[in-house]
Amino acid sequence: ARDMIEAAGLVPGNDIAIEITGIRPGERLHERLHSDNETLVPTAFPGIDRIQPTTPPDLNLAKLQQLESAAQRRDADWVVELLQELAFDRRADIADFNSPELSVSRL
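All figures in this text were calculated on a predicted structure; none of them were measured in a lab.

## What to know about the overall build of the chain
Piece 1. Check the secondary structure of the chain and you find three helices and two strands.
Piece 2. Taken as a whole, the chain presents about 9,000 Å² of accessible surface, with 54% of it coming from carbon and sulfur.

## Here we look at the nonpolar core
Piece 1. Residues L67, A70, W78, V79 and L82 constitute the largest nonpolar core, which totals five residues.
Piece 2. Elements with a minimum of two residues in this core: α2 (57-72) and α3 (76-86).
Piece 3. The greatest single-element share of this core, amounting to three residues, is contributed by α3.
Piece 4. Discounting residues that sit within four places of it in the chain, V79 has contacts with L67, A70 and A71.

## Here we look at unusual backbone geometry
Piece 1. At R74, a position not held by glycine, the phi torsion is positive, near 60°.
Piece 2. Within the secondary structure, R74 sits in the loop between α2 and α3.
Piece 3. With a relative accessible area of 76%, R74 lands in the exposed category.

## Re the pattern of salt bridges
Piece 1. Evaluated as defined, the whole model comprises two salt bridges.
Piece 2. Between D75 and R73 there is a salt bridge; the shortest N-O distance is 3.9 Å.

## What to know about the confidence of the model for the chain
Piece 1. Overall, the predicted model of the chain reaches an average pLDDT of 79, with 77% of residues at or above 70.
Piece 2. Highest mean pLDDT in the chain belongs to helix α1 (residues 2-7) (94); lowest belongs to α2 (84).
Piece 3. Here residues 91-107 is a poorly scored stretch, pLDDT under 50, and it has 17 contacts once near neighbours within four places are set aside; other chains count.

## Structural notes on the pairing of strand β1 (residues 38-42)
Piece 1. Bridge count between β1 and strand β2 (residues 49-53): five bridges; the pairing is antiparallel. Looking at the pairing, P42 lines up with D49 of β2.
Piece 2. Where β1 folds back onto β2 in an antiparallel hairpin, the turn is made up of six residues, including G47, whose phi is positive at roughly 80°.

## Brief notes about the environment of R50
Piece 1. Take R50: it is sitting in strand β2.
Piece 2. R50 gets classed as partly exposed once you look at its relative accessible area, which sits at 42%.
Piece 3. Expressed as a C-alpha distance, the spacing of R50 and H34, which sit 16 residues apart in the sequence, is 9.8 Å.
Piece 4. For R50, the contacting residues outside a window of four places in its chain are T39, L40, V41 and T43.
Piece 5. A distance of 3.1 Å separates the side chain of R50 from the side chain of Q52, its partner in a polar contact.

## Concerning the environment of D15
Piece 1. Looking at the element boundaries, D15 is found in the loop between α1 and β1.
Piece 2. For D15 and I5, which are 10 residues apart along the polypeptide, the C-alpha to C-alpha distance reads 8.6 Å.
Piece 3. Among the polar contacts made by the side chain of D15, one reaches the main-chain amide nitrogen of V11 at a distance of 2.7 Å.

Cut-off values and rules
Residues numbered from 1 in each chain as written. Predicted model: local features only at pLDDT ≥ 70, side-chain atom pairs only at ≥ 80, totals over all residues. Heavy atoms only, no water. Helix = DSSP H or I, 4+ residues; strand = E, 2+ residues; numbered from the N terminus. Areas by Shrake-Rupley, 256 points an atom, 1.4 Å probe, with all protein chains shown as cover. Core = buried A, V, L, I, M, F, W, Y, C linked by side-chain atoms within 4.5 Å. Buried < 20%, exposed > 50% of the residue type's maximum accessible area, 1.4 Å probe, protein only. Contact = heavy atoms within 4.5 Å. Salt bridge = Lys/Arg side-chain N within 4 Å of Asp/Glu carboxyl O. pLDDT = per-residue confidence, 0-100. Pairing = 2+ DSSP bridges. Polar contact = N/O pair within 3.5 Å; in protein donor to acceptor, adjacent residues only side chain to side chain.

Structure representation (C-alpha cells):
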C-alpha cells in the first residue's frame, strides 16, 4: 500500500491513512499452484519450474468427456460429482462444493 501511495506522489499516513484490517474470510496468504500428486521439475530458467502430473492424461480425458456429456444432459448433480473427482486433491480449495446448496447424492 505504501509503494502505491508513494507512486501516486502522496505521503502514506499523511495524505492517505493505512489501516491494517487483517485477513478477510476466504483470503489466502499463499496459494498452491500444484497438488501433492504433482512433481515440480526444474527448467533451464532459474526460479521457474514445470509441473509433472502423476495422473495419466487419458484418465483425465475420459473424465472430461463424461463431464461434457453430463453438462449437455444438464445433469447438475453428476456435473458436480465429476468436478469433485477431477479436483480430488484440491478439496480444501473447493470447500463450497460441500455446501448444503450443492449437496450431491448419486444413486
